[in-house]
Each structure stands twice: as structure tokens, then as C-alpha cells.
Amino acid sequence: MKLQNQKQDDLYFKAFRERDARFDGLFFIGVKTTDIYCRPICPAKPKKENMEFFKTRGQAENAGYRACLRCRPDASPQSPAWLGKTAIVERAIKILFKKGLNGLNEDRFAEIFGVSARHLRRLFMDEMGKTPKQFAMSIQLNRAAQKLTGNDHSISQIAMDSGFKSLRRFNAAFKDFYKMSPTKFRSGKPAQEKRTMNLQWMMKTEITSLYLIASAKGLRGVYWKKQNVPFAPSLAGSDPVTQNLYQAVKQLEEYFAGQRRVFDLPLDRKGTAFQEKVWSELSKIPYGTTLSYKDIARKIKNEKAVRAVGTANGKNPLSIVVPCHRVIAADGSLGGFAGGLSTKTKLLELERQK
């Protein structure tokens, strides 16, 4: 089915004209003069009157369009080719958590998956924001940090147990990653505040990919972008961090299936007093409804703080769980959104439909 909403068509045309990667995979463009359909990131420049928009590749192909050979719609996000890349990364991550690089260099490690080291590095950078070698190192350091706070073994012993061949190398790598020495991390008040272990889980939905971060206290973040924290290999553990992640994933899956309207999760968020006040009001917005930034300012009894409310809304670390997507501009337009306006539109449509 073609997209008929004029405002949405204008938004998609703007995204296509600017080659906005945030919209890649969310819609496709049929070019009437060539019978070709493209991705939003395609360098082609057809006239607006010669374009029509589709939600899926299948809809474009059913309308008689064939795939562009320049931008390759068959490799867009959520396509089989794209999911295949993600599958390689997920397989590699499981191996890295189980036994690390195990003495292999990146060339030998990449051979396990039938790709070159350069290609595997590119996939990891796209998905995780770091190379396989950097990712393996973060796992080693995370495990070392857990041992530092979980037993009284010597730092030398922990370094050896964590796979480091020298104490000097361990100290340098640990300080670079955690911005403090292993000794300071283990003891002292400054270290106490920073040694909370985080785990991240990449969750894929029909609308977008989410990056969840949890601590032992609760859910710390639901983000649209990758975070520089360890990635959880599975949700089978019984420790508090893993269980908090598991509950968050479960409730978000229920939300996207239309089976949950209110979240019941322990939260571990940190904000200023003003931000906390705004986020508290966001949590009170009923499912399927919207309020304006001005409405929120009124509710916190500070009507002149509309701009500050918008800023606090944008810094909400718990997207969807704390529903900042339900806040729109006073004129009824969508306003801003960290996950992109297309994602915001789909979330609001999801809640209206259910």
C-alpha cells in the first residue's frame, strides 16, 4: 500500500533529498520515470512529482518497480542480507564471550565465519562501535572488574586469570578502559561510585533496534544508538543485572505486541532535579495519548520552561519505558525525537491501533 499522508510524504521526500540514514529501511521510493525503487540513502535525484513512497520492498515490487542497482534495497536494514550480517556478529560475540580470541589474530578469527578480517571489522564497527579485538578486550576487562570487586585475590592473579600475560599490560588496559587503576577501582570511595557493572542487550523489533542497558539496581537506559558498554551474550543468568535486562526485554516485547500499556520495571536513572520532575510527568501520560511540551511545563508548575522541558525530554535515557514519544509540539506537529520522526510516528500509530 502506498503512503498517502501528505505530511508524511513531505517528511520522506526531505529525508530522501538529504539521504538521511535514520530512515533507511523504513520506506522506499518508487521512481515513475524509470520503474526503479530506491532506499532513502540512494544518490539518485528524481523530481518529486516522479516519486511515490512505499512502506516495504514487497509493496514497491508489487506495484511494478524493480530494485535499484546503485543503493541495493535488498540489503537495506531488516532485509535478509542485512540480517545475515547481524547473524555473523551475533555468532562472533557468542564465541568471544565463551573463549575470547583464544590466541587467534583477527584474520584467523574471521575465517571461522567465512569472511575477511576487514569485512568482520566493518560489521563489528557498524553493530557494536568497536572491532572484534577491542570487543574481546572489553569482555576481559569487564570480567576482571567483576573479580576485583567479588573476591580478595591479588591483582596479579586476577590479571593472569583474565588472560593478560603481564601485570603492566593489564594495568594499562584497565586504566584506559575504566579511567582508573585496578587498585583504585577495588577500593576507595571514588571507585565505589564507578564500579557498577552494566550489561547491554540489542533488541530488534518491527519498528527499530533498541539498545538496553541495565545494572543490578534496574534498567539504566533504552537507547536508539550503540553504547560503549559490554554486550550481554544471553539472558539465561540469574544475577540481578541479567534479570533486570530479561524483565525489560520481556515487557518491551509485550508492548510492541500490544499486550502491555504500562511498564513495571526497577529503574536506575540519574538526572538533575528538573529532569527528574519532567521524566516523572512523562511517565504519567496515558498510553495512546499525547501532550505538548507546554502541557508538561504547566504540570510541573513552570509555564516559562517550555524550552527546558524539551531539552529534558530529549535527554530521557529510558525511551518508550518513559514515554517521551508521547510529547508533541503545541501546533500538533511531532516535534523532535532522538529515535527519528519516522520512529516516533510508528510508535504513536502502534498505540492508536492497539
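Residues numbered from 1 in each chain as written. Predicted model: local features only at pLDDT ≥ 70, side-chain atom pairs only at ≥ 80, totals over all residues. Heavy atoms only, no water.

(A) Representation of the sheet that holds strand S3 (residues 51-54). What the four strands build is an open sheet, ordered S3-S1-S2-S4; its pairing is mixed. Each edge of the open sheet is held by one strand with a lone partner, namely S3 and strand S4 (66-67). Direction of pairing for strand S1 (residues 28-31) relative to strand S2 (residues 36-38): antiparallel, over a ladder of three bridges. If you follow Gly-30 over to S2, its bridge partner there is Tyr-37. With respect to the sheet, helix H1 (residues 6-17) is in contact with S1 and S3, its orientation differing from that of S3 by roughly 105°. (Pairing = 2+ DSSP bridges. Helix = DSSP H or I, 4+ residues; strand = E, 2+ residues; numbered from the N terminus. Contact = heavy atoms within 4.5 Å. Axes fitted to C-alpha atoms, helices over the stretch in contact; angles between N-to-C directions.)

(B) Region of the structure containing the side chain of Asp-20. With respect to the secondary-structure elements, Asp-20 resides in the loop between H1 and S1. Among the residues examined, Asp-20 registers a relative accessible area of 14% and is labelled buried. When near neighbours in sequence (up to four residues on either side) are disregarded, Asp-20 contacts Ala-15, Pro-40 and Ile-41. (Buried < 20%, exposed > 50% of the residue type's maximum accessible area, 1.4 Å probe, protein only.)

(C) Layout of the pattern of salt bridges. A complete count under the given rule lists 12 salt bridges for this structure. Its salt-bridge partner being Glu-18, residue Lys-14 comes within 3.1 Å of it at the nearest N-O pair. A relative accessible area of 40% places Lys-14 in the partly exposed class. Judged by relative accessible area, which is 45%, Glu-18 ranks as partly exposed. Of the charged contacts in the structure, one is a salt bridge between Glu-111 and Arg-108, with a shortest N-O distance of 3.7 Å. With a gap of three residues between them, Glu-111 and Arg-108 both fall in helix H4 (residues 106-111), about one helical turn apart. Three or more residues are tied together by salt bridges with common partners; here these are Lys-250, Glu-254 and Arg-260. (Salt bridge = Lys/Arg side-chain N within 4 Å of Asp/Glu carboxyl O.)

(D) Main features of the pairing of S1. Residues Phe-28 and Gly-30 line one face of S1 and the alternating positions Ile-29 and Val-31 line the opposite face, and both faces are buried. Relative to S3, S1 is paired through four bridges, and the arrangement is antiparallel. Within S3, the position partnered with Ile-29 by the bridge is Phe-53. Linkage of S1 to S2, two consecutive antiparallel strands, is achieved through a turn of four residues, within which Asp-35 is found at a positive phi near 60°.

(E) Representation of the nonpolar core in the model. Membership of the largest hydrophobic core comes to 38 residues, with the highest contact counts inside it found for Leu-210, Leu-212, Leu-252, Phe-256, Leu-282 and Ile-320. Going through the elements one at a time, strand S5 (199-204), strand S6 (209-214), strand S7 (219-223), helix H11 (240-256), helix H12 (273-282), helix H13 (293-299), helix H14 (306-314) and helix H15 (341-353) are the ones with two or more residues in this core. When residues of this core are assigned to their parent elements, the largest contribution, six residues, is made by H11. (Core = buried A, V, L, I, M, F, W, Y, C linked by side-chain atoms within 4.5 Å.)

(F) Summary view of the pairing of S7. Both S6 and S7 contribute to a ladder of four bridges, which runs antiparallel. Each bridged residue has a counterpart across the sheet, and for Ile-213 the counterpart in S7 is Gly-221.

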